Amino acid sequence: MLPSDEIETPRGPARIDTDLPARPAATLLVLGHGAGGSVDAPDLLAVREAAVAVGLAVVRVTQPYRVAGRRAPAPAGHLDEAWTAVLAALRERHPDVPTLLVGGRSSGARVACRTARAVGAAGVVALAFPLHPPGRPERSRASELDTGLPTLVVNGDRDPFGMPEPGPAVQVVTRPGETHDLRRDPVGTAAVVRDWLSAQGWAAG
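Rules of the game
Residues numbered from 1 in each chain as written. Predicted model: local features only at pLDDT ≥ 70, side-chain atom pairs only at ≥ 80, totals over all residues. Heavy atoms only, no water. Helix = DSSP H or I, 4+ residues; strand = E, 2+ residues; numbered from the N terminus. Rg over C-alpha atoms; globule rule 2.2 N^0.38 Å. Buried < 20%, exposed > 50% of the residue type's maximum accessible area, 1.4 Å probe, protein only. 1 Å grid on protein atoms, 1.4 Å probe; cavity = no way out; pocket = protein on both sides within 12 Å on 5 of 7 lines; lining within 4 Å. Points joined across faces, edges and corners; volume = space filled by probe spheres on them. Nonpolar A, V, L, I, M, F, W, Y, C, P; charged D, E, K, R; others polar. Axes fitted to C-alpha atoms, helices over the stretch in contact; angles between N-to-C directions. Parallel < 35°, antiparallel > 145°, perpendicular 65-115°, else oblique. Left-handed = near helix turned anticlockwise from the far one by under 90°. Contact = heavy atoms within 4.5 Å. Expected span 1.5 Å × (residues − 1).

Chemist: I would appreciate a short explanation of the overall build of the chain in the present structure.
Modeler: A count of helices and strands for the chain gives 5 helices and 8 strands. Secondary structure of the chain in N-to-C order comes out as β-β-β-α-β-α-α-β-α-β-β-β-α. Computed over the C-alpha atoms, the radius of gyration of the chain is 15 Å, within 12% of the 17 Å expected from 2.2 N^0.38 for a compact globule of 205 residues. For the chain, the residues scored as buried account for 55% of the 205 residues in total.

Dropping the structure here:
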């Protein structure tokens, strides 16, 4: 793991934590955190370990509002603006890595979906995608998953934020007994992601 670093964005500095595989990577996976959480959430750490083990470079991004010590999330437009700036900087830092994947958990998954095409991503990993606010199924965010890119959604079957439906490019995997935090079996969740990366041809073996 490389030391934490900061990237300037129009919304203040974002922090990045980078993990590189033993051999040169062909795929870069960039992950964002949940609204009030951190990039050290159990599912994000497990996915990092699994992805690095199969040859991916992994960068976890802490949004500027969290770097500044705030828990309340910034508006969606601010999140997307900062994320897009970070992704542009990462592409410059890793010019020899041809494939970019984006993702994250909860709010971070939404940001990744909304900006996936704009940043040139090849696919999306969405952990605990919050389909709707708890108890408000009429306020669906399903349209955010409609990127047209290969997308993996991993949600718990007890998630109060709901369970997205699969689509032509969207694969949905249900984790039994898991709630929104996906804390019961993060290694199992990461194995789902690893297998999907392999099936898409983005893992080194």
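So much for the structure itself; the text now carries on.
Chemist: Looking at this model, I keep getting lost on empty space enclosed by the protein. Mind explaining?
Modeler: Over the atoms rolls a probe the size of a water molecule, and its path tells where empty space is left. Across all of its chains, the model carries 1 cavity of 30 Å³ or more by this definition. Put simply, the largest cavity is a space of about 60 Å³. As for the largest cavity, its lining consists of Gly-32, His-33, Val-61, Gln-63, Tyr-65, Leu-79, Trp-83, Ser-107, Gly-108 and Val-111. Sorting elements by how many residues they give to the lining of the largest cavity places helix 4 (residues 107–115) first, with 3 residues. Tallied by class, the residues present in the lining of the largest cavity amount to 5 nonpolar, 5 polar and no charged.

Chemist: Teacher, can you tell me more about unusual backbone geometry here?
Modeler: Peptide bonds are trans in most cases, and residues, glycine excluded, mostly fall at negative phi. At Ala-128, a position not held by glycine, the phi torsion is positive, near 50°. Structurally, the position occupied by Ala-128 is in the loop between strand 6 (123–127) and strand 7 (151–156). According to the relative accessible area criterion, Ala-128 is buried, its value standing at 0%. If you check the backbone angles, Leu-182 has positive phi at about 50° while not being a glycine. Taking the relative accessible area as the measure of exposure, Leu-182 reaches 0% and is therefore buried.

Chemist: How should I be thinking about the packing of helix 3 (residues 76–93) against helix 4 in this particular structure?
Modeler: Any two packed helices are characterised by how steeply their axes cross, that is the angle between the axes, and by the distance between the axes. It is the contact of helix 3 with helix 4, at a shortest axis distance of 10 Å, that shows an interaxial angle of 70°. In terms of their interaxial angle, helix 3 and helix 4 are classed as roughly perpendicular. The handedness of the crossing between helix 3 and helix 4 comes out as right-handed. Packed against helix 3, whose contacting residues are Ala-76, Leu-79, Asp-80, Trp-83 and Thr-84, the element helix 4 presents Ser-107, Val-111, Ala-112, Arg-114 and Thr-115 at the interface. Here the residues of the contact of helix 3 with helix 4 are counted per class, giving 5 nonpolar, 3 polar and 2 charged.

Chemist: What am I meant to see in the layout of surface pockets here?
Modeler: Size it by volume and the largest pocket reaches roughly 360 Å³. If you trace the largest pocket, you find 22 residues lining it, with Gly-34, Ala-35, Ser-106, Ser-107 and His-180 closest to the centre. For the lining of the largest pocket, the elements supplying multiple residues, two or more each, are helix 3 and helix 4. Of the residues forming the lining of the largest pocket, the biggest block, 3 residues, is contributed by helix 4.

Chemist: In this structure, what is going on with helix 3? I would like to understand it.
Modeler: Counting along an α-helix, one turn takes 3.6 residues, and residues three or four places apart therefore face a common direction. The first and last C-alpha atoms of helix 3 sit 26 Å apart over 18 residues, in line with the 26 Å expected at 1.5 Å per residue. Along helix 3, the residues that are buried comprise Leu-79, Asp-80, Ala-82, Trp-83, Val-86, Leu-87, Ala-89 and Leu-90.

Chemist: What's the story with helix 4 in this structure? I'm lost.
Modeler: Within helix 4, 7 of the 9 residues are buried, which leaves it mostly tucked inside the rest of the structure. Within the span of helix 4, buried status applies to Ser-107, Gly-108, Ala-109, Val-111, Ala-112, Cys-113 and Thr-115. Looking at the packing, one finds that the buried side of helix 4 touches strand 3 (27–32), helix 3, strand 5 (99–105) and strand 6.

Chemist: What's the story with the packing of helix 1 (residues 42–53) against helix 5 (residues 186–199) in this structure? I'm lost.
Modeler: Contact pair helix 1 / helix 5: the axes reach a minimum separation of 8 Å and the direction vectors enclose 45°. As far as their axial angle goes, helix 5 and helix 1 are oblique. The element helix 1 and its partner helix 5 pack so that their crossing is right-handed. Contact with helix 1, carried on its side by Pro-42, Asp-43, Ala-46, Val-47, Ala-50 and Ala-51, involves Pro-186, Val-187, Ala-190, Val-193, Arg-194 and Leu-197 of helix 5 and no other residues of that element.

Note that all results are geometric; they support no functional claim without further evidence.
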